[in-house]
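In case you want the letters, here they are:
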Amino acid sequence: MARSGEPEAYDAGPFVPDGTDLAGLRAAAAGCQGCPLYRDATQTVFGSGDASARVVLVGEQPGDQEDRQGKPFVGPAGRVLMRALDEAGIDPALTYITNAVKHFKFEWDARGKRRIHKAPSLHEVAACKPWLTAELRLIDPEVVIALGATAGKALLGGSFRVTRERGTLLTLPLEGDGGPPLVATIHPSAVLRADDRETAYQGLLADLRVAAKALR
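Everything quoted here is computed from the prediction, not taken from an experiment.

Q: Could you clarify how one ought to interpret the overall build of the protein in this entry?
A: A count of helical and extended segments in the protein gives eight helices and eight strands. At 17 Å, the protein has a C-alpha radius of gyration in line with the 17 Å of a compact globule built from 216 residues. With the C-alpha coordinates aligned to their principal axes, the bounding extent of the protein is approximately 50 × 45 × 30 Å. Here the protein, with 216 residues, has 46% of them falling under the buried criterion. Long-range pairs, those at least 24 residues apart, make up 70% of the contacts in the protein with a sequence separation of at least 6. When the accessible surface of the protein is split by element, carbon and sulfur atoms take 50% of a total near 10900 Å².

Structure follows, in structure tokens:
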């Protein structure tokens, strides 16, 4: 924690334990102070799902309901995602779902009664990257799915553009021999915001089918 007058530290690395399993990571993440977002969030929202999952899905950050419940993708966007996974031929029960950033970033509405999602900065995404890297190394999935621009940038770098690279089979860059195939798509919340929800949903579904095919 920075002293008064000192710049904030943006690095979760010192909080990530070596030689532990997912349960150990989750327990350690509960005390993470790797960036200032921990101050206002209710709790750390760590990944959830099968520790031996064939597919890891990475979103942006927890939303209001996720922050309150402590689990990722439990709100409306999560329901869209679960439906699309099932239709694409990916069993949701055999996936692991997490976010690039583990704390909810928000601002209050004008009346101070509703928390409004605010996109995490590149500093905050980079600060949280050690948690995501540790999750991916432990699970060692066959395919990674990046849900939205923030997840894509966290996994592939700042030049990533979801509109340009969605629905194609990419490779997750990791040290050593490289990582598993990666498919990028829109965040399921984009379906809920779209003027034409059905078209947006069908696009999400088509991208997820690319990932499903890579499993066979």
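Q: In this structure, what is going on with the pairing of strand β6 (residues 143-147)? I would like to understand it.
A: In summary, the side chains of a regular strand alternate between the two faces of the sheet. Most of β6 sits out of view: five of its five residues are buried. Direction of pairing for β6 relative to strand β8 (residues 181-185): parallel, over a ladder of four bridges. The residue of β8 that forms the bridge with Val 144 is Leu 182.

Q: What should I look at first to understand the pairing of β8 in this one?
A: In terms of burial, β8 is a largely internal element, four of the five residues being buried. One ladder, built from three bridges, connects strand β7 (residues 169-171) with β8; its direction is antiparallel. Residue Leu 169 lies in a different strand from β8, and its bridge partner there is Val 183.

Q: So what exactly am I meant to see when it comes to the environment of Gln 61 here?
A: Position of Gln 61 among the secondary structure elements: in the loop between β2 (55-59) and α2 (64-69). By relative accessible area, which is 6% here, Gln 61 ends up buried. C-alpha of Gln 61 to C-alpha of Leu 147: the two residues are 86 residues apart in sequence and 11 Å apart in space. Excluding residues that lie within four positions of it along the chain, Gln 61 makes contacts with Asn 99, Val 101, His 103, Phe 104, Lys 105, His 117, Lys 118 and Pro 120. Reaching out from Gln 61, the side chain makes a polar contact with the backbone nitrogen of Lys 105 at a distance of 2.8 Å. Polar contacts involving the side chain of Gln 61 include one to the main-chain carbonyl oxygen of Lys 118, which spans 3.0 Å.

Q: Sorry if this is basic, but what is going on with the sheet that holds β8 here?
A: Sheet strands line up and pair through hydrogen bonds in the backbone, either parallel or antiparallel. Ordered by their spatial adjacency, six strands build an open sheet running β1-β3-β2-β6-β8-β7, and the pairing between neighbours is mixed. Looking at the sheet topology across the chains shown, the edges are occupied by β1 (48-49) and β7. Where helix α8 (residues 197-214) meets the sheet, it contacts β6, β7 and β8, and its direction lies at approximately 175° from that of β8.

Q: What is the right way to look at the nonpolar core in this model?
A: Here is a general trend for soluble globular proteins: nonpolar side chains tend to be buried in one another's company. Within the largest apolar cluster, 34 residues are counted, with the highest numbers of intra-cluster contacts made by Val 58, Trp 131, Leu 155 and Leu 182. Every element with two or more residues in this core is listed here: α1 (22-29), β2, α4 (122-139), β6, α5 (149-156) and β8. Considering every element that reaches this core, the biggest residue donor is α4, with eight residues. When near neighbours in sequence (up to four residues on either side) are disregarded, Trp 131 contacts Ala 12, Phe 15, Val 16, Pro 17, Leu 25, Ala 28, Ala 29, Cys 32, Phe 46 and Lys 102. Core analysis: the next-biggest nonpolar cluster, separate from the first, contains 24 residues, Leu 57, Ala 84, Leu 147 and Ala 200 among them.

Q: How do you make sense of α5 when you look at a structure like this?
A: Within an α-helix, residues lying three or four positions from one another point in the same direction, as the helix has 3.6 residues per turn. Residues of α5 that are buried: Thr 150, Ala 151, Gly 152, Ala 154 and Leu 155. The positive-phi residue at the C-terminal boundary of α5 is Gly 157, with phi of around 105°.

Q: Could you clarify how one ought to interpret the packing of aromatic side chains in this entry?
A: A complete count under the given rule lists three aromatic pairs for this structure. Ring centres of Phe 46 and Trp 131 lie 6.0 Å apart, and the angle between their planes is 90°; on these two criteria the pair is classed as edge-to-face. Of this pair, Phe 46 sits in the loop between α1 and β1 while Trp 131 sits in helix α4, and the two are 85 residues apart along the sequence. The exposure class assigned to Phe 46 is buried, which follows from its relative accessible area of 4%.

Q: I would appreciate a short explanation of the side chain of His 187 in the present structure.
A: Counting through the fold element by element, His 187 comes out in the loop between β8 and α7 (188-193). Taking relative accessible area as the criterion, His 187 reaches 15% and is therefore assigned buried. Residues within four places of His 187 in sequence aside, it is in contact with Gly 59, Glu 60, Phe 73, Ala 77, Leu 147 and Gly 148.

Here is what the cut-offs are and how they apply
- Residues numbered from 1 in each chain as written.
- Predicted model: local features only at pLDDT ≥ 70, side-chain atom pairs only at ≥ 80, totals over all residues.
- Heavy atoms only, no water.
- Helix = DSSP H or I, 4+ residues; strand = E, 2+ residues; numbered from the N terminus.
- Rg over C-alpha atoms; globule rule 2.2 N^0.38 Å.
- Buried < 20%, exposed > 50% of the residue type's maximum accessible area, 1.4 Å probe, protein only.
- Contact = heavy atoms within 4.5 Å.
- Areas by Shrake-Rupley, 256 points an atom, 1.4 Å probe, with all protein chains shown as cover.
- Pairing = 2+ DSSP bridges.
- Polar contact = N/O pair within 3.5 Å; in protein donor to acceptor, adjacent residues only side chain to side chain.
- Axes fitted to C-alpha atoms, helices over the stretch in contact; angles between N-to-C directions.
- Core = buried A, V, L, I, M, F, W, Y, C linked by side-chain atoms within 4.5 Å.
- Phe/Tyr/Trp six-rings, centres within 6.5 Å; stacked < 30°, edge-to-face > 60°.

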